[in-house]
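As a plain string of letters, each chain reads:
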Amino acid sequence: MTFPFRYFVFFSLLVAVAASLVFFPALSGDFVLDDGFNILQNHLLYVDVLSVEGLRNAAFSFHDGVGGRPLPMLSFALDYWRAGSMDATAFKATNLFVHGATVFFLALCLRRLLLLAEWAPPQAALGALVFALAWGVHPLQVSSVMYVVQRMQTMETLFLVLALWAYLSMRQIQIAGTGRGRVQGLAVLFFWLLALGCKEDAPLLFAFCLALELTVLRFRAARQDVAKGWRQTYTLLSVLGLLVYFFVVVPHYWSWDAYGGRNFSSLERLMTQARVLCLYLWQIVFPYPDHMTFIYDDLPVSRSLWSPWTTLPSLVAVIGLLVWAWCWRNVRPVFALGVLLFFSGHFITSNVIALELVFEHRNHFPLIGAVLAVGDLLTLAWQRLPLGKSAAVATLCAGLAALGVTTLSHAYTWGDPVRHAEKLVELLPGSTRAWTQLGGAHFDLYKATGEKIHLEHAIDANEAGLQQVEASPLASNLVIYKTLLGTVEDDDWQRFFIVLLEVPPSWQDKFVVWTMMNNVDRGFAIDAGKVVQAIGILVDKVPLSSNEYLRVAVFVYKHGQQDEALPYFIRFAERSSSSSASFQRMLAELEDAGLAEWSDMMRSAQAGNAQ
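In this report, the structure presented in the accompanying data block is examined. (Residues numbered from 1 in each chain as written. Predicted model: local features only at pLDDT ≥ 70, side-chain atom pairs only at ≥ 80, totals over all residues. Heavy atoms only, no water.)

## Digging into the nonpolar core
- Formed by 194 residues in total, the largest nonpolar core has its most connected members in Ile39, Tyr167, Leu372, Phe496, Ile535, Phe569 and Met602.
- When residues in this core are grouped by element, the largest group, 15 residues, is from helix α6 (residues 88–116).
- Leave out the neighbours within four places in its chain, and phenylalanine 496 touches Ser472, Ala475, Ser476, Val479, Val512, Met516 and Ala534. (Core = buried A, V, L, I, M, F, W, Y, C linked by side-chain atoms within 4.5 Å. Buried < 20%, exposed > 50% of the residue type's maximum accessible area, 1.4 Å probe, protein only. Helix = DSSP H or I, 4+ residues; strand = E, 2+ residues; numbered from the N terminus. Contact = heavy atoms within 4.5 Å.)

See the structure below:
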């Protein structure tokens, strides 16, 4: 298949379109999980009229305005403006466009890579198209592309691919000796900055470029001073990176005991990540949708090399793959590069930072490496096996078709919130989040239609979930839904109190009580006195910040017995600075309410704590 570059561009566009079409059944799905906190409940994204101030506020609204990930946040605001509402389909359509664009540029990038790996031009073109298509239609991509908030990840991947394409172009010029490639170098920096505006792990671009140099590029250049400069630069930056990692990152994040809010230590996390990486590889090589459960609450933590027993074999497998790649870096550089890209892509998320153990979207970029490694091994097999060209082409087409059909099926499941949630509880009957999502899907239908049958289904889902796992979100949702239906009883509240008291402490406990408080403040007909009782359980179980104690104190003061609020005001004072604006304002408001003695007690508590 020999054709000019413009034809290759055309076929790359066809591949991008084909890779996008298999996701169409999922466009009718809804927002899920973290979409609620980051998008639906983020009112700075509700941009009705385009203005510099409004777009700036939206761009820097991630995590209460700390300013991270401005580009995807800005794109969410533009989606809202374009659709005129929080229409999930509009948001998912943008995600799909980003995915298609990434497939297109990935094909261009891979063609240049394979040419530099000394593949013949026809094979490089065909290989780039096949690898890009395999990456684009892999079922593991469904949760990355159709989970709206993960646009942060998919946009980052797009810009990283563009940065690598520019890097390969720069190095191609240097290897050919036709210049320095300064314009391409500036493009690398530009696209890297865009990637950094999407997610904080964009500095992994250095690791990806190092992997390229160790395998395909091998620090080559027509001019010896350029080649020597690359070796020295990468050696220096690698040493500096290792020093920062071992003497800054590890001491900062390492914990021999369980992390706050987690049930694992740093050592346990690292051991578990070996199994997680092997799980990812299993999902990539054997892409059966039921293996991609989206939620992984039931994943056991590795407490030792033998518990679970798969921990040690997984560590051996990871180390073995890395050694294999290193040994083959000159023999099969594309395979070695793929392995190094896969593992370097997981370097941050599978390390000592106390992140959740598993997320499918973390494979979005590393999947490129896996496709390269597997694809190069299959190429080697076809070269050595006595297969005719027709048989090889038929096998290739059958494999790609199987991937596409599997993704269509997986996308169909994602295309209906109830259908998706029912699949989750089928696969994960012990998952709190799966049952919560099922109840939430029915509740969303109730809000959209006003038909009580959907509210009854939401209640049934939470009842069934509580039979499988005791969790405060399920018990609290049951109270809220039954209150809406008018069937809530004291036994429902008592069950919620028992669950809240007995389940292990987690961030969910605070979330459910906060949700109830917000509902009361909005005028929802929930029993405020019962919510005050829930607060009493919560504060004895979960540590709160000074502002959270203030929130609790004000709520109890307004909706409970006033004297019950005093201990919470005291705790707020103990954790506040005397110069704090909220502390001074609260003192003034209490004095205006005729509670000067409370103000004096708060000043004493604050002064005593300061000493």
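## Focus on helix α26 (residues 562–574)
- Helix length check: α26 (13 residues) gives 19 Å between terminal C-alpha atoms against 18 Å at 1.5 Å per residue, within 8%.
- Looking only at α26, the buried set comprises Ala565, Leu566, Tyr568, Phe569, Ile570, Phe572 and Ala573. (Expected span 1.5 Å × (residues − 1).)

## A look at the side chain of aspartate 509
- As for its position among the elements, aspartate 509 is in helix α23 (residues 507–521).
- Here the side chain of aspartate 509 touches lysine 541 through a polar contact of 3.0 Å, side chain to side chain.
- Those residues in contact with aspartate 509 that sit more than four places away from it in its chain are Ser472, Leu500, Val503, Pro504, Leu538, Lys541 and Val542. (Polar contact = N/O pair within 3.5 Å; in protein donor to acceptor, adjacent residues only side chain to side chain.)

## With respect to the environment of phenylalanine 511
- Relative to the helices and strands, phenylalanine 511 is located in helix α23.
- A C-alpha to C-alpha distance of 36 Å links phenylalanine 511 and threonine 406, two positions 105 residues apart in sequence.

## Looking at the pattern of salt bridges
- Enumeration according to the criterion identifies 24 salt bridges in this entry.
- A salt bridge links glutamate 356 to arginine 433; the nearest nitrogen and oxygen atoms lie 3.1 Å apart. Within this pair, whereas glutamate 356 is found in the loop between α15 (333–345) and α16 (366–384), its partner arginine 433 is found in helix α19 (residues 432–449), the two being separated by 77 residues in sequence.
- Residue classification places arginine 433 among the buried positions, given a relative accessible area of 19%.
- Residue glutamate 548 pairs with lysine 510 through a salt bridge whose shortest N-O separation is 3.1 Å. With glutamate 548 in helix α25 (residues 546–559) and lysine 510 in helix α23, this residue pair connects regions lying 38 residues apart in the sequence.
- With relative accessibility at 18%, the residue glutamate 548 sits in the buried group.
- What emerges from the salt-bridge pattern is a single network uniting Glu463, Lys482, Asp492 and Arg495. (Salt bridge = Lys/Arg side-chain N within 4 Å of Asp/Glu carboxyl O.)

## Digging into helix α1 (residues 5–21)
- An ideal rise of 1.5 Å per residue puts 24 Å on 17 residues; α1 measures up with 25 Å between its terminal C-alpha atoms.
- Those residues of α1 that fall on the buried side of the exposure criterion are Phe8, Ser12, Val15, Ala16, Ala19 and Ser20. One side of α1 holds all its buried residues, which, seen down the axis, span an arc of 130°. (Arc of directions from axis to C-beta.)

In short, geometric facts, not functional conclusions.
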